[in-house]
Structure formats: structure tokens, C-alpha cells
Amino acid sequence: MAAAVPLAVLALLLLGPGGWGYAEPLRDSLREELVITPLPSGDVAATFQFRTRWDSDLLQEEGTDHYFLRYAVLPREVVCTENLTPWKKLLPCSSKAGLSVLLKADRLFHTSYHSQAVHIRPVCRNARCTSVSWELRQTLSVVFDAFVTGQGKKDWSLFRMFSRTLTEPCPLASESRVYVDITSSSQDNETLEVNPPPLTTYQDVILGTRKTYAVYDLLDMAVISSSRNLNIQLKWKRPLENEAPPVPFLHAQRYVSGYGLQKGELSTLLYNTHPYRAFPVLLLDTVPWYLRLYVHTLTITSKGKENKPSYIHYQPAQDRLQPHLLEMLIQLPANSVSKVSIQFERALLKWTEYTPDPNHGFYVSPSVISALVPSMVAAKPVDWEESPLFSSLFPVSDSSSYFVRLYTEPLLVSLPTPDFSMPYNVICLTCTVVAVCYGSFYNLLTRTFHIEEPSTGGLAKRLANLIRRARGVPPL
Amino acid sequence: MAAAGAAATDLEVVRGKRAALYFAAVAIVLGLPIWWKTTETYRAPLPYSEISGLNALQLRLMVPITVVFTRESVPLDDQEKLPFTVVHEREIPLKYKMKIKCRFQKAYRRALDHEEEALSRGSVQEAETTLAEPQEQAEGSLTVYVISEHSSLLPQDRMSYIGPKRTAVVRGIMHREAFNIIGRRIIQVAQAMSLTEDVLAAALADHLPEDKWSSDKRRPLKSSLGYEITFSLLNPDPKSHDVYWDIEGAVRRYVRPFLNALSAVGNFSVDSQILYYAVLGVNPRFDPASSSYYLAAHSLPHVINPVESRLGSSAASLYPVLNFLLYVPELAHSPLYIQDKDGAPVATNAFHSPRWGGIMVYNVDPKAYNASELPVKVEVDIVRVMEVFLAQLRLLFGIAQPQVPPKCLFSGPQSEGLMAWELDRLLWARSVENLATATTTLTSLAQLLGKISNIVIKDDVASEVYKAVAAVQKAAEELASGHLASAFVASQEAVTSSERAFFDPSLLHLLYFPDDQKFAIYIPLFLPMAVPILLSLVKIFLETRKSWKKPEKTD
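Rules and cut-offs
- Residues numbered from 1 in each chain as written.
- Chains lettered and ligands numbered in written order.
- Predicted model: local features only at pLDDT ≥ 70, side-chain atom pairs only at ≥ 80, totals over all residues.
- Heavy atoms only, no water.
- Helix = DSSP H or I, 4+ residues; strand = E, 2+ residues; numbered from the N terminus.
- Buried < 20%, exposed > 50% of the residue type's maximum accessible area, 1.4 Å probe, protein only.
- Contact = heavy atoms within 4.5 Å.
- UniProt positions renumbered as here; feature names shortened; annotations may be inferred.
- Domains from an automatic or database assignment.
- Buried area = accessible area lost by both parts, 1.4 Å probe.
- Pairing = 2+ DSSP bridges.
- Salt bridge = Lys/Arg side-chain N within 4 Å of Asp/Glu carboxyl O.
- Axes fitted to C-alpha atoms, helices over the stretch in contact; angles between N-to-C directions.

(A) How the structure looks around the environment of Arg-110 of chain B. Residues and elements named next belong to chain B. With respect to the helices and strands, Arg-110 occurs in strand β3 (residues 99-110). With relative accessibility at 42%, the residue Arg-110 sits in the partly exposed group. Taking the C-alpha atoms as reference, Arg-110 lies 26 Å from Ala-480; in sequence the two are 370 residues apart. Once you skip the residues sitting within four places of it in the chain, Arg-110 turns out to touch Val-68, Phe-69, Gln-79, Glu-80 and Leu-82.

Spelled out as C-alpha cells, the structure:
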């Protein structure tokens, strides 16, 4: 199969024109970090962030042409390890060194929550944006159910969650850090203990709340060298009081209502729990063409009153070509629930367009809610490059608010399904009807009909003849 | 009264019989064809006879050669006979259903003034540049200049010269049989420069029965509309090596010119990547004698698979992908050498895999380790690497080293690494291969249609088939008349159309509706209709036989 190559004399041509350009070799820069947040319920959320950035002169033309901006969504996909493998391939250190060692599929997919993302975008290299770099950001968030698997204890360690520990930093990474949320401990020193004790801590305002993190820098020799591996452990000294989990200022819910297979209604509930600030949200909805939206039934009510959106963009669907696109800017009053509802009619599909399991229903993609949510704590604008990755995907432009993008749950709508054996039934029925008609017609035309002379007669006649003979009258 | 009654019943019986017969006739003559027609799968008419004709197609490959005689190349009385044309035809013996004939058409003429002038110059390169300027030669054609026997254009011991363009120079002779001798020499040179059996055998390797040479012949990539070339730098040990290669510059300087010269063959796209922690699938053996590691020839096939899962470029491309890997071995396994079958280290430290690509092992200079701490900065000597990769690229495209006839001067390669006549050879081979592929595809489509009756052929599929057949015929004609460029284009068109027809998804639409099911569905109609008809036909038949036998007995 493979053979050693007899080399041709090509040296001559290879010593072509031009000399060596000793430009400073450009290297992709990689930063990676892991944020571990113990949740009040006892669960532990772990978020990996990997950012690869490289300089490129691909994008020389002026910015993005928004006319060609595309939005596509796959409402549901069953996740499995096959989703992780290609994702891991994009990491420079694959899963051989650094934080990516912890990415073990059988642990990551046995969690109660799994979210995996790839973002790619151009990033300006200077203030005037004359040159751009490309940024590939890979994030993976999982929530471990530490309370149940730990027999009622909320303590956790890296080894217990991932069945691996950290041994060495990725040699390609310029930054490799683990952040552990110790906010509750910083308020009063007695609640929890992290082991090994962190060398540094980091404070920042994340999504409107002040947080404190213990920082472990893998590139710092002191962190790993002591025992050749790093197994971060957290112990609760004193169980927390049963405090209610904090409610986010903005959250949303979506459902489909109505009965029967003809009409229905899509409703989205938008909650603003901020006690005194109203803020606008942008709601983007794409609905497949086979749900025929009645736009005149679009109603938005907040606190029992009609709420008029300040901006509506609607692009009607075309059968089999494009879905409905509905985009609205809605002002949410303080401490309120706003309901956006719209009625639809279910369309009939062609019988080859149904999925293999049509009675399961059809998925409708989630709506996307984007908002600048006012913050309770003023965040100070920080240098974007210096701050940790988890706070820098959407940079804070204004200290009094932060950006949030929410996706509601996807919906499952059942469409009227035909009887798929109908063509066969129709053929059989018509054939039978035709055959019955044909049979009688055939009989009528081919049978010969005789007029038969009655020969002896029936029982009644014989009886009559007997009586007649007895009477001496000639028989019939 | 009774007689009249009997006569009436007879009449009635005859009418009944007639009605039954009419029913049977209508059902058979009208009903069955209508049912057949309405439930039939749609099939547009196809040129079956022409497709089967393609199999017996005789390919005649014509190489037009212009032979130019200078003043003192042949005896004077022979010069008087010019110009005339000689045809040299030869059948190429291949175990293939197509008959392939190779035809060298030599048009002899006298040299024009400017040609005389150019050929009287000092060196052959100089003569060539002055000759090349006025007219560009068509693809596939050759020009051979016959110079005088004692001309100083060539070194004295050389009889002929093959140039980088489509020209060659042959020494003349002063002899009675001058044309014959020169003619043989010209054929020798022309065969080196254009069609040979090897080229065609390699092109048809997939269609020929296996023989012991076939593995070598199957090395080139299959003909395709485009190719993707990926250069990957594998660095399994980023902790000790910080490898940098200037691949952009190398591609611009060395690969692009070569691919531009090849652009007639297809579209090329080139990309590169650096993979860290990518290891070979085989553990190298340690050789204590030279304190180095080696990969034995028999373990090389196992090297590729684990790496390939990380390359990932074939998933994004429609075209065949050629991979070129530069492997910088780990510190623990260096230096690493590749051994050939006899155990000797391979000079280039590289190997290639047919139709897949090439791998080169690049050892870091051991001096670098002493100088500085890890990781060691490694700057890849890209010229050395590209030398190997370009040689492998040539092999994978099937551009073999030419067999130079004895006593022939051979010009060095051009700056793009490809000679014009090498490109022609590739085009000949690819045209023949495309024709063979297109014919095979069309024939199998026709066979498939004969075997499986419920394949739908829509009108657009049928038009693709017609297009493919026409393109094959056109390509064959163009080959026969020596127009290589248009023949190649037509052969590509033939492949595209035939494959588009063969792989059209509409062919499969009714494949899940087999014939027995079709008949089963219509049983509720057929059974009640057929039974009375058959019964009455049997009855009629029996009665007529009885009435025929009766008169015989009375006689």
C-alpha cells in the first residue's frame, strides 16, 4: 500500500525566485478557563470556555453585509458523544493537556444539564477596526447533580465530577485558569472551604450580581507542582439556610394552547421581576410555514392592559420556502408578566413531507429574547482583553445594565396526519365496487333465461288433485 | 310451439356466448392495456442501442505531428517530395472492451525562413525561445524539427532533444532511406512525449482486470472535476517543539505555479492546518546501533488511520482530498527514520499512499536541544519539504518520469515543474479514463433499467443521458481528429452528465413499490372479473369441442 518514494530531481525548480521572509511567525493564541459555580440546591455548574484567536486578512471588505445575515435553527437534536468528538477536535490541545483533559464524554453526558456551543466572529484588532482577527469561542456548560450522587452531601471535587484531575497546562495556551465561585464564603467566612487554598481571588459583577472567585492559574508553577496534580475540592462547613434561589430579572416561558387539529395559539410569557425598572426586550420568533399565523390576532398584554410594541417586523412565510419571521420590540413594565399570543391554523402537508414518525409532532423553534437588563450593582467597565472569558462574550458598554439573550423552550405541535394506507384502501374499495357491478352486469348479459313449463307442480297441487279425485272431479 | 321455444333458447344461448366472448375480448384488448398504461412507472425513452454501441466504441487517438525539415537534413531529391503526410497507426493491446488505436499523423514539410534562421543559432534553448514566440501550439500536437546531421545545435553524441514545450529536435541523415530512418526516430521521440501503452494502462487501471502491475498503476488519483490539497503539520509534542512553517509562502512559491500549469485538468483548492498532539498509529522501534528510531516498511500502512480521524478535511469537500503530512516526531522518539523493505533508511524520510497523499518525517536538528531549554523553536526548511511533497504530488497525479529514448538530450524542468507535453500526456490519459468511466456508468444504468422495472426515468434524467452519450461520441471524434483540449472538455461533460443521471434521486422514488405488491393491490378487481370470464370461456370451449366431435361419430 505505501511505498518509499524515489525522489525526482526537483531541487532546481524549488530554488525559485525570492528569499526568506523572516516575519515574526503568527501563532494562534489560546485562552482556556473553567468556571465552577456551586448552586444553592447542591448542584454544581461547570462551564468551560476556550478561545482561539488568529489574525487573518480574509475579511478585507467592509464589514458584514447585513442583507445576507442568516438565521437558522434546529429546534431539537438528541445530544450524544458524537456531538463532543468534532467539538473537541477544534481545540488545539485536543483532549491531551490542559483543561480539556476533563472533557470525558461518559461523565459530561450523564449530567442533568448540557449545553455546548461554538461561536465564531471577527474581532477588531484596533480601535478603528482597520484589521480583524477571528475568534473561535467554544463553550461547554454542564450541571452535575452533586447532592444526589454525593449521598446528601453537597461537597464536590474535580475528581468526583470528571473522574480526572488536572496535571499540566496546555503548552499552547497563553492563559489557563480555573475559577471557583466562593461568593457565599466571602460574605461570612464560615460556610465553605476550598482546598487547596487559592493563591488569588477575583471579584467582578456578573449578570448584575457581585461575585467572588477563587482563581487557580495552571501556568503558575506553584499550583500544580506540590502534588503533580490539581484536584480542587470544596467542603461545606455549615449547611446554608434554605434560601430561595435568586430569581433573574428577566425570564420567559412559551407554550402552545388550543384543542383540536385545526387551530391553536402560541403564547410567550415574558417576566420582568425588577422591582422598579421597566426595560425593552427584543423578541424574535421564527415559526415554520405549516403553522399559518394570523397576524391580526397578535396581542400583547401586560398587567391586564394592551401593550403596543414600539417596533414590529414581520416577514410572511412561503410554503416550503421560508418560515414566518416576527420581530418585536416590547417594553416590559416593572414587576410584571407580559403575554404575547398569536393564533395559527395547522396546514396540511403533502404525504411525502411527513417525518417518519408523524404522530410524534413537529418541533417549533424557540423564540429568542435579547435585552439590556438594568443592573442593581454598578459594574465598572474593565479592559475587555484582560477580564476573564466568561464575562467577555458580550462586553458591557454601559455600567448600569448588562446584556442577556434568552432562548425559550422549543414547542412540539401535532399536525393533522393522514391515513398513510389510504391509497391502498381507496384502490381496494373501488376495485370491489367495480367488481360487484361488473358481476351482476356480466350475469345479466351472458346467462340464458328459459321460460320453464311447470311439470308436476308443488305439494299444494297434489293435495288439490287428491281432493278432486275423491270428489270425482278431473284433476288440475 | 316447443320447437319455436327451443329455437328461442338456442338463440339466447348463442347471444350469451357471444356476450361472454365480447367481455373477454374487451377485457383483454382494452382493459389490460389501459390498466398497464395507467399503473406503469414513467420512463422516458432512452438511447439503449447507442449506449450498447458505446461499448464497442473504437477509440482512435490521433497525435498530429508536424515534422519540419531544414535545408541540409535530408538528401536533395528527398526534399523535392515535400510536403506530404505519413500515418503511423498502432493498436494498443489492452484487455479492455474498447479498442484503442494510436495514430501518429506526421505532416512533413520544409522549414520556413524564420525557422531555418532560428535553428542555425548556437544553442538549442536559444533556438527554442525564438521558435516558440510566433505561434502557440495546440494541446496534444507536437512539432519535430529535423536538423542537419552535423549541426552543432546538439552535442555531437546526442541524436535528439526533447524540449519543455511541445517541440523536439531530431538529427537528419544523408541516406537513401532517409525518410524511413528519420521516421522511426521521430516515432521514438513522439512516443516518449505523448501516448504510450503505460499511460493508457494507468488511466484504465480501474477498468482492467487485476494483474501484478495494477497496484502500481492504481496510484494516481481518479479523474475528477476538482481536487483539494491539504498540507498538515503534525506536532505531537508541543511541549518540546515550537514548530513554525511558512506554508503560505511555500504554496505561493512552489505549489501554485505547478497547479496553475495543471489548471486544465481541474479546479484545485489548497489549505493547511497545524495539528497538535497528533501521533502516528505505530510505535517506532529503537535501533541501538545508530541510537535512532525507525519505522519499518511493513508498519507504514498502520500509520495513517489514527491520524486521518483528526484531519477532517474530507468531510467538507465534494472533491477527492490529497493529504500531505509533515510529521515532527516527539522528543522521545527522535530522530525517526523510515526504512524501506530492505531495512535501509529512505533518503527522503517520506512515503506516500496511493490516492491518499504523502507523509514526511521531519527530524529536528539535535544541536538545537543543547542550545536552549524546551520548547525548542523549530523553523521548518520548507524547500526540503516542498521538494518531497511536489514529487509526491506529481506521482499522485500520474505524471510519471518519461522514458527517454537512447542518445536523447532532455531539457530540465520548467519553473512550474511541469512540461507542456507532460500536461498533454495527462490530458490524453484523463480523457480516455473519463470516456471509460462515462461508458461504464451509462452501460450499468442501462443494465439496471433492464433488471429493475420500477425505476423511474424522468425527462430531465433522460436528457442527461442523451447529453452524456452525445458528449462521449463528441469526445471520441475530437480525439480522432487530434483536438485534445476540446476532447478533454467533452469527456468531462460526459462524466458529469452520466453521473448526474445515474445518481439522480428521482430514480429511486418507486423502488419501494415492487411489482408483486402492485398485483396484490389489484386482486380485488382482477379476481371477480377474471373468474366468470375464464369459466364461461372454458364452458364455450368444451361445448364447441363436443359439437365438433358429435358429427364425426355419426359419420
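(B) Structural view of the UniProt feature "transmembrane region" (unreviewed entry) in chain A. Residues given the UniProt feature "transmembrane region" (unreviewed entry) here are residues 424-445 of chain A. Helix and strand shares over residues 424-445 of chain A are 100% and 0% respectively, and the end C-alpha atoms of the span are 31 Å apart.

(C) Representation of the domain arrangement of chain A. Residues and elements named next belong to chain A. Splitting chain A by domain gives domain 1 (28-57 + 69-236) and domain 2 (250-413). Averaged C-alpha coordinates put domain 1 and domain 2 at centres separated by 29 Å. Counting residues at the interface gives 25 residues for domain 1 and 26 residues for domain 2. Summed over both partners, the interface of domain 1 with domain 2 buries about 2,200 Å², with 63% contributed by carbon and sulfur atoms.

(D) Main features of the pairing of strand β13 (residues 263-272) of chain A. All names here are of chain A. The buried fraction of β13 amounts to eight of the ten residues, a majority that puts the element mostly inside the structure. Relative to β13, strand β12 (residues 250-257) is paired through eight bridges, and the arrangement is antiparallel. Among the inter-strand pairings, Tyr-255 is bridged to a residue of β13, identified as Ser-267. Connecting the antiparallel pair β12 and β13 is a turn made up of five residues, with Gly-258 showing a positive phi of about 105 degrees. Two strands pair when backbone bridges link them, and β13 and strand β19 (residues 336-346) are joined in this way by ten bridges, in the antiparallel orientation. Looking across to β19, one finds that Leu-270 is bridged to Ser-338.

(E) Structural context of the pattern of salt bridges. By the definition in use, this model includes 19 salt bridges over all chains. A salt bridge links Arg-292 of chain A to Asp-319 of chain A, with the nearest nitrogen and oxygen atoms 2.8 Å apart. Of the two residues, Arg-292 of chain A sits in strand β15 (residues 291-302) while Asp-319 of chain A sits in the loop between β17 (311-315) and β18 (324-332), which places them 27 residues apart along the sequence. You can call Arg-292 of chain A partly exposed: its relative accessible area is 30%. Lys-377 of chain B is paired through a salt bridge with Asp-242 of chain B; the nearest N and O atoms lie 3.7 Å apart. Highlighted residues: Lys-377 of chain B in strand β16 (residues 376-379) and Asp-242 of chain B in strand β8 (residues 241-244), separated in sequence by 135 residues. You can call Lys-377 of chain B exposed: its relative accessible area is 61%. The network of salt bridges with shared partners includes Arg-31, Glu-175, Arg-177 and Asp-217 of chain A.

(F) Fine view of the sheet that holds β18 of chain A. Residues and elements named next belong to chain A. Strand order in this open sheet of five strands is β17-β18-β14-β21-β22, and the pairing throughout is antiparallel. At either end of the open sheet lies a strand with only one pairing partner, and these are β17 and β22 (401-407). Strand-to-strand twist across the sheet, computed as the mean angle between neighbouring axes with direction ignored, equals 15 degrees. Where strand β21 (residues 368-374) meets β22, seven bridges bridge the pair, whose relative direction is antiparallel. Opposite Ser-370, over in β22, you have Arg-405 as the bridge partner.

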